[in-house]
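Coordinates in review
Each chain is listed here by its residues.
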Amino acid sequence: MTATNTGLVSKLKDTLDNPRLFNLLQLAVAGRQNITRRLIREGLNLMPGERLLDVCCGTGEFADVALGPYLGIDINEKYVEYARQEYGEGKGHPEREFLAEDITGTGFLTRGLTFPKSMIINSMHHLSDEQNSAVLAAVAQVTTGRFVVVDMDPEPSNPLSKFLVQQDRGEYVRPLKEQIALVEPYFKVENAFTYYARLTGQTIIFCSVKS
Ligand SMILES: C[S@@+](CC[C@H](N)C(=O)[O-])C[C@H]1O[C@@H](n2cnc3c(N)ncnc32)[C@H](O)[C@@H]1O
């Protein structure tokens, strides 16, 4: 890649810090992700009124998976502010709360909150093994029932999807097997497979808490 191209790519990556642009790109590549929403609800066996934790919620795109009270937590204040306005109180959803905090921090963990169902979507490939382990340990501490992981598939058979995954900002896109190995110390993995959300090759891992 030439120096000019590298500069352009890095500019594009910076631009994606803007929540609106980030969401537009997601929409173009992955569509509305209704298949992901359906798989998560089914995998979690989500019941009306049940409280849901969305770890690394970003701009809150998946808050509407919840069928009851929802807590989205993300370390990026800009994203959380956007989420509040677009998917929370700002849009008449007081049951959806967004927290600008590090889930691994004592601030969150010492509150004594628990959730019957939790999810983490398209985030693990942005985190190192160590960061994922810390996040998963924190989720395991507050989850009492089921947990779902959605992430990217680095090995989709569709060549365009393969190209797109190579352009992703995440530095740690892992094969499904490696994703499962990261989750297993903290949760009982019950099922896992790959699927497509429009052009994006995705992975999904269904888990329950360890007894
Ligand atoms: C690619 S975004 C995914 C956003 C969202 N789940 C989605 O699918 O649209 C990954 C998010 O993880 C957040 N994050 C990373 N480490 C975190 C931590 N320790 N605690 C809370 N959020 C974290 C980042 O700020 C970023 O918004």
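Our subject in this report is the structure included herewith. For clarity, every value in this text was computed on a predicted model and none was experimentally measured.

Bringing the side chain of Thr36 into the picture now. Along the polypeptide, Thr36 turns up in helix H3 (residues 34-44). Residue classification places Thr36 among the buried residues on the basis of a relative accessible area of 0%. Here Gln33 takes part through its side chain, which lies 2.3 Å from a polar atom of the side chain of Thr36. In this structure the side chain of Thr36 is engaged in a polar contact, spanning 2.8 Å, whose partner is the side chain of Tyr195. In this structure Thr36 touches Phe62, Val150, Tyr195 and Ala197, once residues within four positions along its chain are discounted.

On the surface, Leu21, Leu24 and Leu27 cluster together to form a nonpolar patch covering roughly 240 Å² of accessible area. Positionally, Leu27 belongs in helix H2 (residues 19-30).

The next point concerns the site of the ligand. Taken together, 17 residues lie around the ligand, and Cys56, Asp74, Asp102, Ile103 and Ile121 are the ones closest in. Within the backbone of Ile103, a nitrogen or oxygen atom sits 3.0 Å from a nitrogen atom of the ligand. A distance of 2.8 Å separates a nitrogen atom of the ligand from a polar atom in the backbone of Ile121. Isolated, the ligand exposes 600 Å² of accessible area, and the fraction of that covered by the protein chains is 89%. Tallied by class, residues from the shell around the ligand come to nine nonpolar, five polar and three charged.

All right, on to the side chain of Thr143 then. Along the chain, Thr143 falls in strand E5 (residues 143-152). Residue classification places Thr143 among the buried positions, given a relative accessible area of 6%. A polar contact of 2.7 Å, which involves the side chain of Thr143, links it to the side chain of Ser118. With residues up to four places along the chain from it excluded, the contact list for Thr143 reads Phe115, Pro116, Ser118, Phe187 and Val209.

Reading guide: rules and limits
- Residues numbered from 1 in each chain as written.
- Predicted model: local features only at pLDDT ≥ 70, side-chain atom pairs only at ≥ 80, totals over all residues.
- Heavy atoms only, no water.
- Helix = DSSP H or I, 4+ residues; strand = E, 2+ residues; numbered from the N terminus.
- Buried < 20%, exposed > 50% of the residue type's maximum accessible area, 1.4 Å probe, protein only.
- Polar contact = N/O pair within 3.5 Å; in protein donor to acceptor, adjacent residues only side chain to side chain.
- Contact = heavy atoms within 4.5 Å.
- Patch = residues over 30% accessible without salt bridge, like charges linked within 9 Å, V, L, I, M, F, W, Y side chains within 5 Å.
- Areas by Shrake-Rupley, 256 points an atom, 1.4 Å probe, with all protein chains shown as cover.
- Salt bridge = Lys/Arg side-chain N within 4 Å of Asp/Glu carboxyl O.
- Near = heavy atom within 4 Å.
- Nonpolar A, V, L, I, M, F, W, Y, C, P; charged D, E, K, R; others polar.

The quantities given are spatial measurements derived from coordinates; they are silent on function.
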